Amino acid sequence: MAVESVSSAAARTGWTRHVLLGAAAVAVCVAIAFGPGADLSADGRVTLAVFAVATLLWMFSPVDDAYVALTAGLVLVVTRVLEPDVLFGSLGEATIWLLICAFVIASGVSRTGLATRAAAFFVSGAGTVRQLVHLTTAALVISAFAVPATSGRAALALPVFVALARALGGRRRVVLALALVFPTVILLSAVATLIGAGAHLITAEMLAHATGERIGFVRWLLLGTPLALVSSHVAAELILLMTTSRADRRIPVRVGAEEIGEAAEVRVTGPLTEPQARATTLLGVVVVLWCSEPLHGVPPAVVALIGTIVTVSPWLGTIRMKDALATIPWTLLLFLAATTAMGFALASSGAAAWLGRAVFDPVNGSGAPPAWLFLGVVVAVSTVAHLVLQSRSARSGVLVPLVITAAVGAGISPAAAAFASTAAAGFCQTLPSSAKPVALFHTVDGAVTYTSRDLLRTSAVLAPVTAALVLVFALLVWPLLGLPVR
């Protein structure tokens, strides 16, 4: 009877939430249909209503984010706001193919154990706690160039953390520091590359559709890598200072590569195996070709496709095609395609311009606002957005169209504003549910590594620091690297 009562209560709660969400969606649609002024077209009203309802569902509904995005795209096609070719064609964008091929290459590299071997090489050189934390940070930053998506990098890094935790034994505070450092650095270092997160692809495509300006692989690398390095090491140092005492940091550490290899069940000493040697060569060639695109002119997606063919080839490859394709997050790709189409609809229908004026006019005031004020608002909103929108890609899908439009009205470079927003939105480690890497390292082998209180305490310091770093880079560093503010 008790079980039935709990089940009935849960069912009632679920129905209540669905009813409230439905009522809120209807209210939003009615408000948009009759509320906005005459300067918003009928297509703009439909697009704004679909966008608002999708955002509500992303925030409060248990329904899969990709399902919501695809349904929203379908509604826009049925209402003739979008042409079917726009929705379906977004799945064929070069950036989508780049991500698909990057996942295949990463699966081949992971299969050989090369990533774990590289991590063991870095970490085993540490003699102090501070060296261990920063060498771990460096290894995690480097992994962003080889493994796409933060969740994939977290899964590969977990055995390394387990080995370190065992080697450190009873040094609880040092283990806590490492447990917080791993997901934090994985999330912050993703900004280094275009393939570091799906949100980056959304930003690149929406910016290209809205303004014609594209941030390609090499340009993203040039802009994102310095921020990834600085923010990751600053965050690691702050976590170390907040979680350990001076006495903890004085005691030497000794972590052998063999211990990491045993935890990951990978051979990490001796000469490279034949598959590892092939994977090293392939990865090196692909990364060099990606970084030298201005010299040879071959698009990154084509380079990645060549690498994919080699990765799954019967003679030179390290993984079968069937197994490699199974590692691709198809749901994420569909979500990226659908949100890109939604962004195009927001821009082409005038909905983004209307909403951007409504949201950012108070900042703009009677004239163009100072760049620091406009970008400060964008960075602040993007930093805290993870508290209401847990999906990083959904945050970009919601924020980037508005930021681009508002930036045009404020006389700010849309590319600079969109890049700053996406970089700031990479901070998402306030709660265990805020990001998959945070949830993955929250409980390891059945043991809780850090509490919600630990996350909140570190987030209270890291959030303003990382936001300030993004703002400093947007105003002072990125203009020197070819991304002016105005």
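Conventions we followed
Residues numbered from 1 in each chain as written. Predicted model: local features only at pLDDT ≥ 70, side-chain atom pairs only at ≥ 80, totals over all residues. Heavy atoms only, no water. Helix = DSSP H or I, 4+ residues; strand = E, 2+ residues; numbered from the N terminus. Contact = heavy atoms within 4.5 Å. Areas by Shrake-Rupley, 256 points an atom, 1.4 Å probe, with all protein chains shown as cover. Phe/Tyr/Trp six-rings, centres within 6.5 Å; stacked < 30°, edge-to-face > 60°. Buried < 20%, exposed > 50% of the residue type's maximum accessible area, 1.4 Å probe, protein only. Polar contact = N/O pair within 3.5 Å; in protein donor to acceptor, adjacent residues only side chain to side chain. Axes fitted to C-alpha atoms, helices over the stretch in contact; angles between N-to-C directions. Parallel < 35°, antiparallel > 145°, perpendicular 65-115°, else oblique. Left-handed = near helix turned anticlockwise from the far one by under 90°. Core = buried A, V, L, I, M, F, W, Y, C linked by side-chain atoms within 4.5 Å. Patch = residues over 30% accessible without salt bridge, like charges linked within 9 Å, V, L, I, M, F, W, Y side chains within 5 Å. Salt bridge = Lys/Arg side-chain N within 4 Å of Asp/Glu carboxyl O. Bend = angle between axes of the 7 residues up to and from the residue.

Enquirer: I'd love a proper account of the overall build of the chain, names of residues and values included.
Expert: What the chain contains, in helices and strands, is 24 helices and 2 strands. Here the contacts in the chain between residues at least 6 apart in sequence split such that 77% fall between residues at least 24 apart. As presented, the chain carries roughly 20,500 Å² of accessible surface, and 69% of it is formed by carbon and sulfur atoms.

Enquirer: I'd like a description of the packing of aromatic side chains, backed by residues and values.
Expert: Inspection of every chain in the model, using the stated rule, returns 8 aromatic pairs. Consider the rings of Phe 419 and Trp 478, whose centres lie 4.9 Å apart with planes at 90°: the pair is edge-to-face. You can see Phe 419 sitting in helix α22 (residues 414-424) and its partner Trp 478 sitting in the segment after α24 (452-477), a full 59 residues away along the chain. According to the relative accessible area criterion, Phe 419 is buried, its value standing at 1%. Counting every residue linked through ring pairs, the aromatic cluster contains Trp 220, Phe 419, Phe 473 and Trp 478.

Enquirer: Hey, could you go over the side chain of Ser 292 for me, with residue numbers and the actual values?
Expert: With respect to the helices, strands and loops of the structure, Ser 292 is situated in the loop between α14 (274-291) and α15 (293-296). Ser 292 sits in the buried class, given a relative accessible area of 15%. At 3.3 Å, the side chain of Ser 292 and the side chain of His 296 are in polar contact.

Enquirer: Provide a residue-level description of the packing of helix α5 (residues 94-112) against helix α16 (residues 300-311), including the pertinent values.
Expert: Pairs of packed helices are described in terms of their axes, by the angle between the two and the distance that separates them. Close contact between α5 and α16 brings their axes to 8 Å; oriented N to C, the two are set at 30°. Between α5 and α16, the crossing angle belongs to the class labelled roughly parallel. As α5 packs across α16, the resulting crossing turns out to be left-handed. Touching Ala 94, Leu 98, Cys 101, Val 104, Ile 105 and Gly 108 of α5 are Pro 300, Ala 301, Ala 304, Leu 305, Gly 307, Thr 308 and Thr 311, all from α16.

Enquirer: Go over the nonpolar core, please, and point to the residues and values.
Expert: Core analysis: the largest hydrophobic core is formed by 99 residues, its most contacted members being Trp 58, Phe 374, Ile 412 and Trp 478. Sorting elements by how many residues they give to this core places α5 first, with 10 residues. Leaving out residues up to four positions away in the same chain, Trp 478 has contacts with Leu 223, Leu 227, Phe 419, Ala 420, Ala 423, Val 470, Phe 473 and Leu 483. Counting 45 residues, the second-largest nonpolar core is a separate cluster that includes Leu 176, Ala 177, Leu 180 and Phe 427.

Enquirer: Just give me the short version of the packing of helix α18 (residues 330-349) against helix α21 (residues 392-410), but keep the residues and values in it.
Expert: Remark: α18 packs on α21, axes separated minimally by 10 Å, with the N-to-C direction vectors making an angle of 10°. Taken together, the axes of α18 and α21 lie roughly parallel to each other. Together, Leu 332, Phe 335, Leu 336, Gly 343 and Leu 346 of α18 and Ser 393, Ala 394 and Pro 401 of α21 make up the contact between the two elements.

Enquirer: Quick one: what's the story with the environment of Leu 481, residue by residue and with numbers?
Expert: Looking at where Leu 481 falls in the secondary structure, it is placed in the segment after α24. Leu 481 sits in the partly exposed class, given a relative accessible area of 27%. Separated by 259 residues in the primary sequence, Leu 481 and Leu 222 have C-alpha atoms spaced 7.3 Å apart. Apart from residues lying up to four places away in sequence, Leu 481 is in contact with Leu 222, Leu 223 and Pro 226.

Enquirer: Residues and numbers for α22, please.
Expert: Most of α22 is tucked away, with 11 of its 11 residues classed as buried. Among the structural elements, α10 (198-211), α11 (217-243), α20 (371-384), α21 and α24 are those in contact with the buried residues of α22.

Enquirer: Which residues make up unusual backbone geometry, and what values do they have?
Expert: Residue Arg 80 is not a glycine yet carries a positive backbone phi of 65°. Looking at the secondary structure, you find Arg 80 in the loop between α3 (65-78) and α4 (84-89).

Enquirer: I'd like to hear about the environment of Val 86, residue by residue, with values.
Expert: With respect to the element layout, Val 86 can be found in helix α4. Val 86 gets classed as partly exposed once you look at its relative accessible area, which sits at 23%. Spatially, the C-alpha atom of Val 86 lies 9.7 Å from that of Gly 73, the residues being 13 residues apart in sequence. Sequence-distant contacts of Val 86, defined by excluding residues within four places in its chain, comprise Ala 341 and Phe 344.

Enquirer: I'd like to hear about a nonpolar patch on the surface, residue by residue, with values.
Expert: Together, Val 384, Leu 387, Val 388, Leu 431 and Leu 456 make up an exposed nonpolar region whose accessible area comes to about 410 Å². Considering the arrangement of structural elements, one finds Val 388 in the loop between α20 and α21. Assessed through its relative accessible area of 44%, Val 388 is described here as partly exposed.

Enquirer: How would you sum up α24? Please name residues and give values.
Expert: The periodicity of an α-helix, 3.6 residues per turn, causes residues three or four positions apart to be oriented the same way. Maximal helix bending in α24 amounts to about 35°, located at Ser 459. For α24, the full list of buried residues reads Asp 454, Leu 455, Thr 458, Ser 459, Leu 462, Ala 463, Thr 466, Ala 467, Leu 469, Val 470, Phe 473 and Ala 474. Residues of α24 that are buried sit in contact with α9 (172-189), α11, α20, α22 and α23 (436-442).

Enquirer: Outline the pattern of salt bridges, listing residues and values.
Expert: Tallying each qualifying case throughout the model produces 6 salt bridges. Two residues, Arg 173 and Asp 248, come together in a salt bridge whose shortest N-O distance is 2.5 Å. Pair noted here: Arg 173 is in helix α9 and Asp 248 is in helix α12 (residues 246-250), with a separation of 75 residues, a long-range link. Judged by relative accessible area, Arg 173 falls into the partly exposed class, the value being 37%. Relative accessible area serves as the criterion here: at 13%, Asp 248 is assigned to the buried category. Close ionic contact of Glu 274 with Arg 278 constitutes a salt bridge, the shortest N to O distance being 3.0 Å. Of this pair, Glu 274 and Arg 278 both sit in helix α14, separated by 4 residues, roughly a single helical turn. For Arg 278, a relative accessible area of 24% translates into the label partly exposed.

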